[in-house]
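Each chain, letter by letter, is given below.
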Amino acid sequence: MTEVVTIQKFDDIATICIDNPPVNAAGHAMRKGVVDALDTLEADPAVKAIALYCAGRTFVAGADIREFGKPSQPPVLPDVCNRLEASSKPIVAILHGTALGGGLEVALCCHARVGITGSKVGLPEVNLGLLPGSGGTIRLPRVADTATTIKMITGGAPISAEDALKHGIIDRLEDGDPAQVAVAMAKELRDGKLKARVTRDLLVNLSADKMSAARSKFEALGSKGVVALRALRAIEGATKLVNEGLAAERALFIEALASDEHHGLKHAFFAERAVANIPEAKEPPREIKTAGVIGGGTMGSGIATSMLLAGIPVTVIEMAEDRVAFAVKTITGNLQGAVKRGKLSQQAFDATVAKLTVTTDMNSLSDVDLVIEAVFESMEVKHEVFAKLDAVCKTGAILASNTSYLNIDEIAKAVTRPQDVIGLHFFSPAHVMRLLEVVVAGKTAPDVVATGFALAKRLRKVAVRAGVCDGFIGNRILAHYARSTGYMMMDGADYEQIDNALVGFGAAMGPFTVGDLSGLDIGWAERKRRAPLRPAEERYVGVADKICEAGDFGRKTGKGYYVYWPDGSKTKNPDVAQFIADEQAERGITPRSFTDKEIVDRYITAMIVECARVVEEGIALRPIDVDAVFLFGYGFPRHRGGPLCYADKIGAQTLVARINTYAKDDAYYWRVPAMLQKMADDGTTFADLNKER
Ligand code: T1G
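The structure reproduced in this document is the subject of the present report. (Residues numbered from 1 in each chain as written. Predicted model: local features only at pLDDT ≥ 70, side-chain atom pairs only at ≥ 80, totals over all residues. Heavy atoms only, no water.)

**Thoughts on the overall build of the protein**
Regarding its fold elements, the protein presents 29 helices and 19 strands. Against the globule reference of 26 Å for 693 residues, the protein gives a C-alpha radius of gyration of 28 Å, in line with a compact fold. Dimensions of the protein along its principal axes, counting C-alpha atoms only, are 90 × 60 × 55 Å. Residue burial in the protein is summarised as follows: out of 693 residues, 54% are buried. Counting only contacts in the protein whose residues sit at least 6 apart along the sequence, the fraction spanning at least 24 positions is 72%. Each charge class in the protein can be summarised by its mean position, and for the 82 positive and 86 negative side chains these summaries are 3 Å apart. (Helix = DSSP H or I, 4+ residues; strand = E, 2+ residues; numbered from the N terminus. Rg over C-alpha atoms; globule rule 2.2 N^0.38 Å. Buried < 20%, exposed > 50% of the residue type's maximum accessible area, 1.4 Å probe, protein only. Contact = heavy atoms within 4.5 Å. Lys, Arg positive; Asp, Glu negative; His and termini not counted. Charge placed at Lys NZ, Arg CZ, Asp CG, Glu CD.)

Written out as structure tokens, the structure is:
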């Protein structure tokens, strides 16, 4: 096994190289290795200057997140940092790749910093519900301006090495291999051509006005500002004596480590990566050089945009010439939006548009490697399309459906090659939302599954493996818990109160507002489709049907649960109160009031119940996969880690007790899943289940 930290001497200068794949995280071996290397080099009178650099793809990308929550093994990173800063020999850090978190803190304790062109530096700890815990909040304000310090630490976004140079965070920009630049820069340090500065001795540069404005901003955010405010409080300590400031920062860091926000955000960080661990992970994916999309509507155009942004040439098939023009307009509009959002340069725009073909000729798909259909959600139409694709597409082409709930096994019956059929369920807008449900049918070949995951990575999406059922993972669970809001409205909760209570929990928007946004007619069609399948015991709320029957579909018609005014404001639709009252009278319901807490508890418990069932039935591989679906596709508050991460915080026994209480009103809707009952009985958690699978 290669040494994590090695020393090389070149006459009177030396280098320390950290080699701790995959991202040179500051794990125990690295921390101990750096201190041992420093001891060795300080004891060598021949050594006049030192350069610290990393092998592999990046300088230290932070503390080792996997060590969080475990007993810390000395030397802890703050001690390593202080040891570097106190070195009797000048040390220059060579930053390549992404010098993040503890990595940048290590670099700030060196006496000079040199960035390799194209590298980035950042303090992303707030993205994990933390704050820089190894001196970053005390040292950054000694090299950078206040606005940069506040933005980097409380915002968490990295900046380019070029900007870091501009803001005084690094001293030099160089091209070349980190190992070679290290030797050259150590010599420049030795010769005084590169100035050595002890960061803690530099003057603090903090504007009281800017700090006070930032504090007011974060305080106004309530629960959503907790993490940023805690980080800002640590920066305020930079005006104290250095060791006092460092101690205050450490205390706040320890507080953050114990916070719910950190627990949820750390879970979300690993969820994004854990979902790639599928049974087909070792299968070699098929090469996707070109793709086709059937249907240039909102979804088809979004999917085509997503692939074009990944550099994949796309041919979109539409049924009529006027629809061709619409698709071209939609896709180029999406790409212009990407330019505005800084996701695509203006010069790349033309080259990207040149990779788009829109035609009515299905035969133009004869050589593509993958086709994704995004046509009307009818099995009959899907069968027609897939039969044509079966006839036109080359052997080995993957035939995917973007259906949001139809049975992929059933669709595959229309072709002679069911092993090439898979579900690739994108979420609208398809070129923005990161989630991709990869739906595996009974006959889907393993390498086709692996190709779905490889495509997701190219599209910078988070792929989650799903089994076949009505709605797969996300929409199936949504269909269940969404009913809880209709039931509460029918039982007396004001639907605007429901929306506001869930926004208070952390949802981006309340469910009734979401319904208006996506279009009430979509749910209406869905309920009509499911009507023949709806069990007699299932409680039905007809209010949304009545709104649709009045021709009101939500924002697109200017009226739904809310009335949408030209100034952008919205007020409750007065017709809805009457629809509710009529139905309450019809069903003999005496409305009662609900507290915000009961609204959130019922909503989240209903969500957790169906999430547990989806894991129990094997539709999702693990609880963490369901968390990823809701974090990346449904706007679940990231700092809560996902529904099943949050379920562990509530506790299975509490959840089972709640369900049994609610079941008194509706024993059909409120049933305890076997998996949850077992957890309540044996004390296991969804986190345990993640480890087992
Ligand atoms: N610790 C442990 N493992 C890490 C890691 C980390 N900090 N960062 C990445 N990995 C693993 C990751 O799980 C994956 O593992 C592999 O590396 C490749 O990652 C004291 C307390 C660096 C931009 O928040 O942003 O320092 O799945 O797939 O897309 O004040 O990883 O392959 O087994 O993401 O090229 C601060 C988090 C920590 C950086 C690379 N640092 N990492 O992206 O690869 S807190 C961070 C990233 C801290 C100090 C505080 C990205 C990346 P596996 P990847 P990538």
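That was the structure; now back to the text.
**Focus: helix 15 (residues 379-392)**
Taking 1.5 Å of rise per residue, the 14 residues of helix 15 would be expected to cover 20 Å, and the 20 Å separating its terminal C-alpha atoms lies within 8% of that figure. Within helix 15, burial applies to Lys-382, Val-385, Phe-386, Leu-389, Asp-390 and Val-392. Looking at the buried residues of helix 15, the elements they touch are strand 10 (291-294), strand 13 (370-373), strand 14 (398-401), helix 16 (408-412) and strand 15 (421-426). (Expected span 1.5 Å × (residues − 1).)

**Section: the site of the ligand**
The local shell around the ligand holds 26 residues, among which Arg-57, Ala-63, Gly-102, Glu-105 and Gly-133 are the closest. Within the backbone of Ala-61, one N or O atom sits 2.9 Å away from a nitrogen atom of the ligand. Starting from 1000 Å² of accessible surface for the ligand in isolation, the protein chains cover 73%. Its residues placed into classes, the shell around the ligand shows 14 nonpolar, six polar and six charged. (Near = heavy atom within 4 Å. Polar contact = N/O pair within 3.5 Å; in protein donor to acceptor, adjacent residues only side chain to side chain. Areas by Shrake-Rupley, 256 points an atom, 1.4 Å probe, with all protein chains shown as cover. Nonpolar A, V, L, I, M, F, W, Y, C, P; charged D, E, K, R; others polar.)

**A short note on the packing of aromatic side chains**
For the coordinates displayed, the defined rule picks out 15 aromatic pairs. A ring pair is formed by Trp-524 and Phe-553, whose centres lie 6.1 Å apart and whose planes are at 45°; its orientation type is tilted. Pair noted here: Trp-524 is in helix 21 (residues 520-530) and Phe-553 is in the loop between helix 22 (543-549) and strand 18 (562-564), with a separation of 29 residues, a long-range link. Judged by relative accessible area, Trp-524 falls into the buried class, the value being 18%. On the accessibility criterion, Phe-553 (22% relative accessible area) is partly exposed. Joined through ring pairs, the aromatic side chains of Phe-427, Tyr-481, Tyr-603, Phe-630 and Tyr-634 make up one cluster. Above the face of the Tyr-662 ring, Arg-602 is positioned so that its terminal group lies 4.2 Å from the ring centre. Looking at Arg-671, its charged tip hangs above the ring of Tyr-668, at a distance of 4.7 Å from the centre. (Phe/Tyr/Trp six-rings, centres within 6.5 Å; stacked < 30°, edge-to-face > 60°. Lys NZ or Arg CZ within 6 Å of the ring centre and 35° of its normal.)

**A closer look at the pairing of strand 16 (residues 435-439)**
Counting buried residues in strand 16 gives five out of five residues, a clear majority hidden from the surface. Burial of strand 16 is two-sided: the residues Leu-435, Glu-437 and Val-439 facing one way and the residues Leu-436 and Val-438 facing the other way are all buried. The sheet contact formed by strand 15 and strand 16 spans four bridges and is antiparallel. Looking across to strand 16, one finds that Gly-423 is bridged to Val-439. Across five bridges, the pairing between strand 16 and strand 17 (residues 462-466) is parallel. The residue of strand 17 that forms the bridge with Val-438 is Arg-465. Handedness of the crossover is the feature at issue here: the chain leaves strand 16, passes through helix 17 (residues 446-458), returns alongside strand 17, and the resulting connection is right-handed. (Pairing = 2+ DSSP bridges. Right-handed = clockwise from strand over helix to strand, strands pointing away.)

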